[in-house]
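The primary structure of each chain is shown beneath.
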Amino acid sequence: MKSALLCLTLAMPLTLPPAWAQAPAVARQVQTLDTGWRFSKTDPGAAMQPAFDDSGWQAVRVPHDWSQHEPLRAEYGSGNGYAAGGIAWYRRSLAVGAEHKGRVARITFDGVYDHAQVWINGQYVGGRPYGYSSFQVELTPYLKFDGSPNVLAVRVDHSRQMDSRYFTGSGIYRNARLSFSDALHIAPWGSFVTTSAVSAARADVKAEAELINAAPAARAFTLRAELIAPDGHVVTTREAQARLSAGERSTLTQVMSVDKPQRWSPESPQMYTLRQTVLVNGQAVDQNDTPFGIRSFRFDADQGFFLNGQAVKLKGVCLHHDAGSLGAAVPVAVLERRLQQLKDIGVNAIRTSHNPPAPELLDLADRMGFLVQAEAFDEFTPTKNKWIEGWNVGVPGRQGYGEEFAAWGVRDVEDMVRRDRNHPSIVMWSVGNEVDYPNDPFSHPVLGAKYRPTAPPASDLVRWGRPLVEAVRRMDPTRPVTAALASVEMSDAVGFADLFDVAGYNYQEARYAADHAKFPQRVIYGSENRHDYRAWAVVRDTPYISAQFLWTGFDYLGEAGRWPQRAADFGLFDLAGFMKPRGAFRASLWSGKPVVYLAAATASATQVASASGQGTPLLDQQKRAKVAEHWNWPAGESMVVSAYANTPEVQLWLNGKLIGTQKAADAIEGILSWTLPFEAGELKAIGLKAGKPAAEFRLQTAGAAARIELQRVAPARDGIEQIAFFVVDARGRRVPDAAQRLRFDPAGALEILGIGNGNLADVDDPRDAEHAAYEGRGLAVLRRTDNTQPARLRVSAPGLVPAELSF
């Protein structure tokens, strides 16, 4: 396969904003480097040199995922969703004035996939192989401070495009920031705040600051720490005097207390701020604000998880980092909408499978109230199988992070913890997902007939895992370390499970009781679980099992079947963010609000599904009936109607006639069902509480497609608009089998970021102006390029009344 290259530069030199030019060289200054980049998917040998001509390159914005901007092809491999990899460069210019001379200049990259290499003015300054690690490079020695252009160049090598079991994206797919600090400053990720002795009456707060003196002479200074309450007032202040020699790095600790703290929880995610200021002769030379939460938590081997002294079940989902049509370059507004959707159905926990997430996701988790298991890796070394022709089909590849793990694993996990340890949402650090999967690659005689003597020994799990656990505890002694285990049997045989403070069991609910008896000190929780009722019931009814993390919250790219299926369908929501029936089923189990929902399938399909013996019937899971949220079926067809509800009783009505009333006690594995012949019209469920309606849900038979409707599904943020589109009949009812190709015409300062429809086999260009509906709907994500200018979206299709939306 021909290798490609990515390169990005700025057409005109970047002049720093006026505030930078006028400000005295004291306070830390940070600028997001989102615009001004040029990109080329080629690999010229001199692209790092300032004199290189990039005038013919494409202008792009960062975050940028080139895998979403190229045609999908079967030969690119199913693991990565049949998306392109390759090699490419990004370039841009920076004009820096004399006022910054003597200061420390750094660029932080939140994520570059992968094997990033960075140059400034032709000098190599660093990089990172792991595409999910955030990293910094210092530019100071090679910068020009006379206002002339400094050329920044980034080479990205994703030529091993079949290197993952799931979609990765390619390029500078997360934010990049340029910062200037005084020579005496708080180190990147150098602030660390912890809370202890937390009660309703009082909490102790310990604030650490790692300081660097990059000046050629010693510096005396004062470190001021201020605790700022959620409402903005300063709670308390501490000051300490210190001195650092030239080139010295040291950590200072200050301890404070807060009376009657507003404790952080999912129900009340109150956030404080630690403001640390470095003063020299009374003048601030550096300042860093660190949001944090005051809370206490613990895991108990017999009683489960406690937050602020209260027992809590973690109702969690696993989340990959892509967002359907947007690939890996996901705006904060899209992340926020997705998290709100999960919150609305009762989810209170997230597992960042299987890599460090975007910092913005954790910021949202803090603010919105989610508990987080933060995960580092999907493999140690050697690498795992990477499926190319389809999930578990054909001969797998074996490229991946495992090729870099031995050299970089400890550094990557240290940086994950240092970056994210101030987030109150995080309650566990996971060093790996299913790294103990039998024979992929490790094996052990305990596997019996499946043992492969020529495979790497499972004892290597301890060899590679122990340094990671020790590194996490060095960086953060306040949180437990875990791993999501695929074979507890094999892990126990070599002592791997004993490394962890809490043990995650993937799909091994059958082991809970026996292992609790055998290992009474072991904290056990479900780190990855199916959607069926029984998997939840054991968590709900067993005090010592504190958590369940469903696979997954949203459908995700990669880990796909045979071409053209490019995504996996395990989510509660589809790729476009529409709730699936299993999402409503989960709401009936987890939501604190009254829930009732209807889905239907033909009786013949449900009989086949029940015969598979896979547990909960009538859910749209593998080898089960494909239940659907519509009431358009062949006349007279025998139908099974399922109600997912948390109310004591549910009535089912068809065209104004009561079909029957069932009690919650009648549910089979959480589901109420009726069998009846299809009759066009309106099917309605009413959830009753104390005999009175508490919730209602309707399915109505749709007629022929007549028009298009547009609906904004989330508030605009940072210029991002999320617009759902529907093909409806003359009365506004969604047509469930509508698949017309629609044309999207943005006008004014508006551009298409991605259009998707939830179809796993949709391989159209997500940025193209024409896209098909699927099941009568889809989602368009747009960006306003100038919020001061009017903009409009028009969507049309032959034979349908078009729709317009103005911004």
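Residues numbered from 1 in each chain as written. Predicted model: local features only at pLDDT ≥ 70, side-chain atom pairs only at ≥ 80, totals over all residues. Heavy atoms only, no water.

**Describing empty space enclosed by the protein**
What the rule picks out here adds up to 3 cavities of 30 Å³ or more. Residue lining of the largest cavity: 26 residues in total, with Gly-324, Ser-325, Leu-575, Gly-756 and Asn-757 positioned closest to the centre. Within the residue set of the lining of the largest cavity, elements represented by two or more residues are α2 (332-344), β41 (750-756) and β43 (777-784). For the lining of the largest cavity, the element with the most residues is α2, which contributes 4 residues. Residue composition of the lining of the largest cavity, grouped by class: 11 nonpolar, 10 polar and 5 charged. The volume enclosed by the second largest cavity comes to roughly 210 Å³. Broken down by class, the residue content of the lining of the second largest cavity amounts to 7 nonpolar, 5 polar and 9 charged. (1 Å grid on protein atoms, 1.4 Å probe; cavity = no way out; pocket = protein on both sides within 12 Å on 5 of 7 lines; lining within 4 Å. Points joined across faces, edges and corners; volume = space filled by probe spheres on them. Helix = DSSP H or I, 4+ residues; strand = E, 2+ residues; numbered from the N terminus. Nonpolar A, V, L, I, M, F, W, Y, C, P; charged D, E, K, R; others polar.)

**Here's the deal with the sheet that holds strand β37 (residues 692-700)**
Spatial strand order, β34-β33-β36-β37: 4 strands in an open sheet with antiparallel pairing. Because the sheet does not close on itself, it has two edges, and the strands there are β34 (657-663) and β37. Ignoring which end each strand starts from, the neighbouring axes of this sheet average 20 degrees apart. In the sheet, strand β36 (residues 682-689) pairs with β37 via 8 bridges, with the strands oriented antiparallel. When the sheet's bridge partners are listed, Ile-686 is paired in β37 with Glu-696. (Pairing = 2+ DSSP bridges. Axes fitted to C-alpha atoms, helices over the stretch in contact; angles between N-to-C directions.)

**Things to note about the pairing of strand β17 (residues 283-292)**
Both faces of the sheet carry side chains from a regular strand, because those side chains alternate between them. Direction of pairing for strand β16 (residues 272-280) relative to β17: antiparallel, over a ladder of 9 bridges. Bridged to Arg-275 within β17 is Asp-289. Here β16 folds back onto β17, and the loop between the two strands holds 2 residues, one of which, Asn-281, carries a positive phi near 55 degrees.

**Thoughts on the packing of aromatic side chains**
One pass over the structure, following the stated rule, counts 36 aromatic pairs. Ring-pair connections join several aromatic residues into one group, and the members of that group are Tyr-113, Tyr-130, Tyr-132, Phe-377, Phe-380, Tyr-401, Phe-405, Trp-464, Phe-496 and Phe-500. Its guanidinium or amino end placed over the ring of Trp-37, Arg-92 lies 5.6 Å from that ring's centre, counting from NZ or CZ. Directly above the aromatic system of Phe-370 lies the positively charged group of Lys-343, at a separation of 5.1 Å from the ring centroid. (Phe/Tyr/Trp six-rings, centres within 6.5 Å; stacked < 30°, edge-to-face > 60°. Lys NZ or Arg CZ within 6 Å of the ring centre and 35° of its normal.)

**Re unusual backbone geometry**
The omega torsion of the bond from Thr-381 to Pro-382 falls at 0 degrees, within 30 degrees of zero and hence cis. Locating Pro-382 in the fold gives a position in the loop between β23 (371-375) and α4 (402-420). Residue Trp-563 is joined to Pro-564 through a cis peptide bond whose omega torsion reads 10 degrees. Even without being a glycine, His-115 presents a positive backbone phi close to 50 degrees. Inspection of the secondary structure assignment puts His-115 in the loop between β5 (104-109) and β6 (116-120). Of note in the backbone geometry, Glu-669 takes a positive phi value of approximately 50 degrees without being a glycine. With respect to the helices, strands and loops of the structure, Glu-669 is situated in the loop between β34 and β35 (672-677).

**Focus: the nonpolar core**
If you look at the biggest cluster of nonpolar residues, it comprises 124 residues, and the most contacted ones within it are Leu-342, Val-413, Phe-496, Phe-500, Leu-598 and Trp-631. Among the elements that take part in this core, helix α5 (residues 460-475) stands out by supplying 8 residues, more than any other. The contacts of Phe-500, once residues within four sequence positions are left out, are Val-431, Val-469, Arg-473, Val-481, Thr-482, Ala-483 and Leu-485. (Core = buried A, V, L, I, M, F, W, Y, C linked by side-chain atoms within 4.5 Å. Buried < 20%, exposed > 50% of the residue type's maximum accessible area, 1.4 Å probe, protein only. Contact = heavy atoms within 4.5 Å.)

**What about the sheet that holds strand β2 (residues 37-40)?**
Read across the sheet, 6 strands follow the order β3-β2-β4-β9-β6-β7 without closing on themselves; strand pairing throughout is antiparallel. Each of the sheet's edge strands pairs with one partner strand only, and the pair in question is β3 (58-60) and β7 (123-128). Neighbour-to-neighbour, the strand axes of the sheet open up by a mean angle of 25 degrees, direction not taken into account. The sheet contact formed by β6 and strand β9 (residues 149-158) spans 5 bridges and is antiparallel. Bridge pairing links Gln-117 to Arg-155 in β9.

**Here we look at the pattern of salt bridges**
Under the criterion given, the structure shown has 54 salt bridges. Asp-498 is the partner of Arg-522 in a salt bridge, and the nearest nitrogen-oxygen pair spans 3.7 Å. Within this pair, whereas Arg-522 is found in the loop between α7 (512-518) and β27 (524-529), its partner Asp-498 is found in the loop between α6 (488-494) and β26 (503-506), the two being separated by 24 residues in sequence. When its relative accessible area of 9% is taken as the criterion, Arg-522 is described as buried. Judged by relative accessible area, which is 56%, Asp-498 ranks as exposed. Ionic pairing is found between Asp-541 and Arg-540, a salt bridge with its closest N-O pair at 2.8 Å. Given the relative accessible area of 37%, Arg-540 is considered partly exposed. A cluster of three or more residues bridged by salt bridges with shared partners is formed by Arg-128, Arg-411, Asp-412 and Asp-415. (Salt bridge = Lys/Arg side-chain N within 4 Å of Asp/Glu carboxyl O.)

**A look at the pairing of strand β40 (residues 741-748)**
Judged from the 3 bridges that link them, β40 and strand β42 (residues 770-772) form a sheet pairing that is antiparallel. Within β42, the position partnered with Arg-743 by the bridge is Glu-770. When β40 meets strand β44 (residues 791-797), the two strands line up antiparallel, connected through 6 bridges. Bridging across to β44, Pro-746 finds its partner in Leu-793.

**Some points on helix α3 (residues 359-368)**
Among the 10 residues of α3, 8 are classified as buried, and the element is accordingly described as predominantly covered. Those residues of α3 that sit buried are Pro-359, Glu-360, Leu-361, Leu-362, Leu-364, Ala-365, Asp-366 and Met-368. Buried positions along α3 lie against α2, β23, α4 and β24 (426-433). In the stretch just after α3, Gly-369 is the one whose phi turns positive, near 90 degrees.

**Quick word on α2**
Compared with the 18 Å implied by 1.5 Å per residue over 13 residues, the 18 Å span of α2 between its first and last C-alpha is a close match. Listed in full, the buried residues belonging to α2 are Val-332, Ala-333, Val-334, Leu-335, Arg-337, Arg-338, Leu-339, Gln-341 and Leu-342. Packed against the buried residues of α2 are β21 (314-318), β22 (349-351), α3, β39 (720-728) and β43. In the segment just after α2, Gly-346 is the residue with positive phi, at about 105 degrees. (Expected span 1.5 Å × (residues − 1).)

**Quick notes on the packing of α2 against α3**
With their axes 10 Å apart at the nearest point, α2 and α3 run at an angle of 40 degrees to one another. Relative to α3, α2 is oriented oblique. Between α2 and α3 the crossing geometry is right-handed. Contacts from Val-332, Leu-335, Glu-336, Leu-339, Gln-340 and Lys-343 in α2 reach Glu-360, Leu-361, Leu-364, Ala-365, Arg-367 and Met-368 in α3. Taken together, the residues that form the contact of α2 with α3 break down as 7 nonpolar, 1 polar and 4 charged. (Parallel < 35°, antiparallel > 145°, perpendicular 65-115°, else oblique. Left-handed = near helix turned anticlockwise from the far one by under 90°.)

**Quick notes on the packing of α4 against α5**
Each packed pair of helices is defined by two parameters, the angle between the axes and the distance between the axes. One way to put it is that α4 packs onto α5 with a least axis distance of 9 Å and a crossing angle of 25 degrees. Considered as vectors, α4 and α5 are oriented roughly parallel to each other. The two elements α4 and α5 meet at a crossing, and its hand is right-handed. Facing Phe-405, Ala-406, Gly-409, Val-410, Val-413, Glu-414, Val-417 and Arg-418 of α4, the residues of α5 in contact are Trp-464, Pro-467, Leu-468, Ala-471, Val-472, Arg-474 and Met-475. Here the residues of the contact of α4 with α5 are counted per class, giving 11 nonpolar, 1 polar and 3 charged.

**Observations regarding the environment of Gln-789**
Mapping Gln-789 onto the fold places it in the loop between β43 and β44. Here Gln-789 falls in the partly exposed class, since its relative accessible area comes to 41%. What Gln-789 contacts, discounting residues up to four positions off in sequence, is Ala-749 and Arg-784. A polar side-chain atom of Gln-789 sits 3.5 Å from a polar atom in the side chain of Thr-788. (Polar contact = N/O pair within 3.5 Å; in protein donor to acceptor, adjacent residues only side chain to side chain.)

Everything listed here is a matter of geometry and, on its own, says nothing about what the molecule does.
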